[in-house]
Amino acid sequence: MSSSRWAAVDAYLEGALITPDEALTGALRRADAAGLPPIQVSPSQGKLLQILAQAIGARSILEIGTLGAYSTIWLARALPANGSLVTIEAEPKHADVALASIAAANYSDRVEVRVGRALDVLPVLADEIRSGSRGPFDFVFIDADKINNRAYFDWSVRLARPGALIITDNVVRDGHVVDADSTDPSVIGTRALFDGFRTEARTVTSALQTVGNKGYDGFAISLVLPA
Ligand code: SAH
Ligand code: DHB
Ligand code: MG
């Protein structure tokens, strides 16, 4: 089966299940106009993130990798009015585009963009949780560089409450995840992530392959167990 068939089916599913709206299409338009790479989650993936966050009643969400805030807006839709979302972005240009789209979607009151490398920002969030100025996160979406995914997962487990979900995007990448001898830093990073899934006793994880308008990839879903 061809990838054009996968894309056609994705278009059908989107047409059947997702009503286009200005907050999301505006975010894509602004990202495209600013020359950001079109690597955001698909509409169906974004809606899945929203449903998962809503299903667990998430009030506090962490995202690692903002780009133009497309996934951010889907996730913000899961939050109650007094909920909050922190999203981390290393590229100031991406963060600027994201802030414009977050404002246009009317989420500036509950979404905060932290500009910096995630490995620098995550310890700051840990300090904030330790000092009590914020609670632990109910839901984490990991979607930045793939090289540091093991470290992002380890930090996410520390920053999340028992019962939290951690979703990691792009864990299959055209099937390259099975290449044990790969020299691609992203593949090495992804395989290190699976070592983390296997050895982290505080979590249980499953991973699924996906096809669609983003090609062949997959995501992992981890549950942080009760303490
Ligand atoms: N979650 C977005 C897509 C994110 S693309 C969506 O689905 O809409 C990955 C983003 O991670 C890019 O914007 C990239 O600049 C950012 N990124 C890459 N390395 C990073 C790092 N070390 N720390 C924080 N962000 C990083
Ligand atoms: C890339 C990154 C992503 O997060 C994604 O979902 C697809 C592609 C990339 O860096 O190419
Ligand atoms: Mg991704």
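Every residue gets a number counted from 1 within its own chain, in the order that chain's sequence is written. Chains and ligands are labelled by the order in which they are written, letters from A for the one and numbers from 1 for the other. The predicted origin of the model limits local features to residues at a pLDDT of at least 70 and limits the giving and counting of side-chain atom pairs to 80 or more, whereas totals for whole chains, interfaces and linings rest on all residues. Heavy atoms from the whole structure form the basis of all side-chain values; hydrogens and water molecules are not counted.

Our focus in this paragraph is the environment of Lys 47. Topologically, Lys 47 is positioned in helix 3 (residues 43-55). Any N or O atom pair separated by 3.5 Å or less is treated as a polar contact, with the protein-specific requirement of one donor-capable and one acceptor-capable atom, and with residues adjacent in sequence counted only for side-chain atom pairs. Within the structure, Lys 47 has its side chain in polar contact with the backbone oxygen of Leu 17 (distance 2.7 Å). The numbering of helices and of strands both runs from the N terminus, where a helix is a DSSP run of H or I of at least 4 residues and a strand a run of E of at least 2.

The next thing to look at is a nonpolar patch on the surface. Each patch groups residues whose relative accessible area exceeds 30% and which form no salt bridge, using 9 Å between like charges and 5 Å between nonpolar side chains of Val, Leu, Ile, Met, Phe, Trp and Tyr. Computed with a 1.4 Å probe, the accessible areas rest on the Shrake-Rupley method; for each residue, only the protein chains presented here act as cover. When a carboxyl oxygen of Asp or Glu lies within 4 Å of a side-chain nitrogen of Lys or Arg, that pair is called a salt bridge. Residues Val 9, Tyr 12, Leu 13 and Leu 17 make up a contiguous nonpolar surface patch of roughly 410 Å² in combined accessible area. Within the secondary structure, Leu 13 sits in helix 1 (residues 3-17).

Take the nonpolar core next. Core analysis: the largest hydrophobic core is formed by 31 residues, its most contacted members being Ile 61, Leu 75 and Phe 139. Secondary structure elements with two or more residues in this core: helix 2 (22-33), helix 3, helix 4 (70-76), helix 5 (92-104), strand 3 (111-115), strand 4 (137-142) and strand 5 (160-169). The leading source of residues in this core is helix 4, at 5 residues. Note on contacts: a residue pair qualifies if any of its non-hydrogen atoms lie within 4.5 Å across the two residues. Leave out the neighbours within four places in its chain, and Leu 75 touches Leu 49, Ala 53, Ile 61, Glu 63, Leu 85, Phe 139 and Phe 141. As used here, the term nonpolar core means buried Ala, Val, Leu, Ile, Met, Phe, Trp, Tyr and Cys residues forming a set that is joined through side-chain atoms within 4.5 Å. Accessible area is worked out with a 1.4 Å probe on protein chains only. A residue is then buried under 20% of its type maximum, exposed over 50%, and partly exposed in between. Counting 26 residues, the second largest nonpolar core, distinct from the first, contains Ala 164, Val 171, Ala 220 and Val 224.

For the rest of this paragraph, the subject is the site of ligand 1. We call a residue near a given molecule or strand whenever any one of its heavy atoms falls within 4 Å of it. Among the 21 residues in the neighbourhood of ligand 1, the closest are listed as Gly 65, Ser 71, Glu 89, His 94 and Asp 143. Contact distances for ligand 1 include 2.8 Å between an oxygen atom and a side-chain N or O atom of His 94. Here a nitrogen atom of ligand 1 sits 3.2 Å away from a polar atom, N or O, in the side chain of Tyr 152. Throughout, the ten residues Ala, Val, Leu, Ile, Met, Phe, Trp, Tyr, Cys and Pro are labelled nonpolar, Asp, Glu, Lys and Arg are labelled charged, and all others, Gly among them, are labelled polar. Along the lines of polarity and charge, the residues of the shell around ligand 1 split into 9 nonpolar, 6 polar and 6 charged.

So, on to the packing of aromatic side chains. Any two of the Phe, Tyr and Trp rings considered here, Trp counted by its six-membered ring, make a pair once their centres fall within 6.5 Å; the pair's planes then place it as stacked at under 30 degrees, edge-to-face at over 60, or tilted in between. With the rule as written, the count across this model stands at 2 aromatic pairs. Between Phe 153 and Phe 197, the aromatic rings sit 4.8 Å apart at their centres with planes inclined by 85°, giving edge-to-face as the arrangement. Linking Phe 153 in helix 7 (residues 149-159) with Phe 197 in helix 8 (residues 185-199), this pair joins segments that are 44 residues apart in sequence. In this structure, Phe 153 and Phe 197 share a single accessibility class: buried. Of the residues examined, Phe 197 reaches a relative accessible area of 8% and is grouped as buried. Here the aromatic cluster, defined as three or more aromatic residues joined through ring pairs, consists of Phe 153, Phe 194 and Phe 197. Over the ring of Trp 74 we find Arg 77, and its NZ or CZ is 5.7 Å from the ring centre. In this analysis the charged atom, NZ for Lys or CZ for Arg, is taken to sit over a ring once it is within 6 Å of the ring centre and within 35 degrees of the ring normal.

What follows concerns the site of ligand 2. Near ligand 2 you find Ile 39, Asp 143, Lys 146, Asp 169, Asn 170, Arg 173 and Lys 214, and these make up its full shell. Here Asn 170 contributes a side-chain N or O atom positioned 2.7 Å from an oxygen atom of ligand 2. Isolated, ligand 2 exposes 290 Å² of accessible area, and the fraction of that covered by the protein chains is 69%. Tallied by class, the residues present in the shell around ligand 2 amount to 1 nonpolar, 1 polar and 5 charged.

On to the environment of Ser 84, then. Take Ser 84: it is sitting in strand 2 (residues 84-89). A sequence separation of 62 residues divides Ser 84 from Lys 146, and the C-alpha atoms of the two residues are 25 Å apart. Setting aside its immediate chain neighbours within four residues, Ser 84 contacts Arg 59, Ser 60, Ile 61, Leu 79 and Arg 110.

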